[in-house]
Each structure stands twice: as C-alpha cells, then as structure tokens.
Amino acid sequence: MYGERGKIGLIVPSANTVMEPEFSKMAPAGIATFATRMFLKEVKVETLAKMAEEVDRAVRELSTAQVDVLVFGCTSGSLLKGPEWDKEIVSRMKKASRIPSITTSGAVIKALEAIGARRIAVATPYLDELNIRVKQFLEQHGFEVTETKGLGLSKGIEIGNQYPETAYDLAKCVYRPGTDTVFISCTDFRTIEIIEKLERELCVDVITSNQASFWYALKRMKYSEPVKGYGKLLSAVK
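Notes on the structure in this doc start here. (Residues numbered from 1 in each chain as written. Predicted model: local features only at pLDDT ≥ 70, side-chain atom pairs only at ≥ 80, totals over all residues. Heavy atoms only, no water.)

**Thoughts on the layout of surface pockets**
Here's step 1: Taken as a whole, the largest pocket holds about 250 Å³ of empty space.
Here's step 2: Forming the walls of the largest pocket are 17 residues, and the residues nearest its centre are D86, V90, G106, K110 and Y216.
Here's step 3: Of all elements in the fold, only helix 5 (83-97), strand 4 (101-103), helix 6 (104-115) and helix 11 (209-220) reach the threshold of two or more residues within the lining of the largest pocket. (1 Å grid on protein atoms, 1.4 Å probe; cavity = no way out; pocket = protein on both sides within 12 Å on 5 of 7 lines; lining within 4 Å. Points joined across faces, edges and corners; volume = space filled by probe spheres on them. Helix = DSSP H or I, 4+ residues; strand = E, 2+ residues; numbered from the N terminus.)

Next up, the structure:
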C-alpha cells in the first residue's frame, strides 16, 4: 500500500507544476502524497480569491482517499487577506472533512517560529501587489522583514518553469547582514535543490513554501524522523 506510514492530501492551484514533484522528492519511504487541483492560471489578488471558492469541493474529493492530513498548497492564496483568512480556510477544510488541515502560509509561520526566526529576507516570484501582502502577513505575526523582492511574474506556468538557480540568485539578492532567515515564497517556485547550499553560503536558515508545508504535514501526522537533504528545518523533524 502506498502511504502506509502516512498519506498527505494536497490541494494545489491547477497551473502548479512544482509542489507535487517536490513533495515526492522529499518524501521518506512510506509517505505518499495524493493531490487535487483548484483552477488558477494567473497569480493575482482577484484570481487567488476566486480560486479559494473551490476548497470545499477539493477537500471532499481528497477525503475519499482517507488521507491523514490536508494541505492547502498555495502561499499567497492562504495569506491573501491576512491571518484570519488562513484560519478561515483551515476551518472550512476541517468542517468539510474532519481531517487535520493546514495551509502553506500557516506552515511557514510554524516553521519560522520553530527555528527562532526574527529578521527575515523574502524572495518571491510574485507581482508587487502580492509581495506587499506577504510582508504584511509576516509582520502581523511579529517578524521583522529586512528586504522583499519579487520577479514580477503572474502566469502560474511561467513561475513553475523557473529553474532552481533563479530562486538561488534571488535569495542571495535579498540577503542583508543581520538577517537570520531567508524565506522563499511560492509553492510553484523550485527551491528544494538549493536550500542547503544557501544555508551554507549565507550562514542563515532557509525556509521555503514547499519545505515548510511538507515539514508541518509530517508533524501533524506525528512523523518524527529527520529528513536529510532539504535544510535544517526538515533535518530536525521531531
């Protein structure tokens, strides 16, 4: 049986081509991911809000696979209207399924708290209208944002087509002395190959949307063994 040690139910934007492969790469033996999608072509405020209307349908579909945890796999879509929006999405997911539920933005906050982050540099592929909201979301949770920079992309498929080196270069660009953590946002932005390289070179912790989502999904399933190769966060799963 696939997923004998844990089954993750993943809800992703329809154009997202990165989160499922990255979850599969990070997965220890016995952990499996099963996904469904919400329609999204462009990553903008209005389209993300519309996409969230499909949450209940997606949850009902995944619940038939008897998954152990549900993940709303979209960073900007789960922080779009601030912390209360994240909580509302989680509440809807739980109500529709009675399965433990998380969002990517909520997982990122848990990850940042777990590593003791305080001063964060943010790299994204987004338009400025979303970069502003990411910054505000982090500040509303008590973090200081030292720098924010995006690529100005809105087409989902274009974001997913970026190479990991693009995220690497952008992360190095936003880093400033005194920063203790670099956060690379977006579940459709390839990052897992470059996390440990950045941590070594910048001497900071690196949190990415997919890494944090996977880490928190494992914790909610009470999987406690370290996962090597994807940064300090996952190497210390407990």
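Next, the rest of the story.
**Points about unusual backbone geometry**
Here's step 1: Its identity as a non-glycine residue notwithstanding, C186 has a phi of 110°, on the positive side.
Here's step 2: Counting through the fold element by element, C186 comes out in the loop between strand 7 (181-184) and helix 10 (195-202).
Here's step 3: The backbone phi angle of C203 is positive, close to 60°, even though this residue is not glycine.
Here's step 4: As for its placement among the helices and strands, C203 is situated in the loop between helix 10 and strand 8 (205-208).

**Overview of the pattern of salt bridges**
Here's step 1: A full pass over the atoms with the stated rule returns 16 salt bridges.
Here's step 2: In this structure, E61 and R57 form a salt bridge, with 3.2 Å as the shortest nitrogen-oxygen distance. One end of the pair, E61, and the other, R57, are both in helix 3 (residues 55-63), four residues apart, so they sit about a helical turn from each other.
Here's step 3: In this structure E61 comes out as partly exposed when scored by relative accessible area, which is 39%.
Here's step 4: Through salt bridges that share partners, K25, R190 and E193 make up one connected network. (Salt bridge = Lys/Arg side-chain N within 4 Å of Asp/Glu carboxyl O. Buried < 20%, exposed > 50% of the residue type's maximum accessible area, 1.4 Å probe, protein only.)

**Some remarks on the sheet that holds strand 1 (residues 6-13)**
Here's step 1: A sheet is described by the order of its strands in space; here four strands give the open sequence 2-1-3-4, paired in parallel fashion. Edge strands, defined here as strands with exactly one partner in the open sheet, are strand 2 (31-38) and strand 4. Strand after strand, the sheet turns through a mean of 20° between neighbouring axes, direction not considered.
Here's step 2: Across the sheet, helix 5 is in contact with strand 1, strand 3 (69-72) and strand 4; its angle to strand 4 comes to roughly 150°.
Here's step 3: Against the sheet, helix 6 engages strand 3 and strand 4, with an angle of about 85° to strand 4. (Pairing = 2+ DSSP bridges. Axes fitted to C-alpha atoms, helices over the stretch in contact; angles between N-to-C directions. Contact = heavy atoms within 4.5 Å.)

**Things to note about the packing of aromatic side chains**
Here's step 1: Under the defined criterion, the tally for this structure stands at two aromatic pairs.
Here's step 2: Ring plane angle 70° and centroid distance 5.1 Å describe the contact between F23 and F214, whose orientation is recorded as edge-to-face. Of this pair, F23 sits in helix 1 (residues 19-26) while F214 sits in helix 11, and the two are 191 residues apart along the sequence.
Here's step 3: Ring geometry for W215 and Y216: centres 5.9 Å apart, planes at 25°, overall stacked. Each of the two residues, W215 as well as Y216, counts as buried. (Phe/Tyr/Trp six-rings, centres within 6.5 Å; stacked < 30°, edge-to-face > 60°.)

So far we have only geometry, and geometry alone does not tell us how the molecule works.
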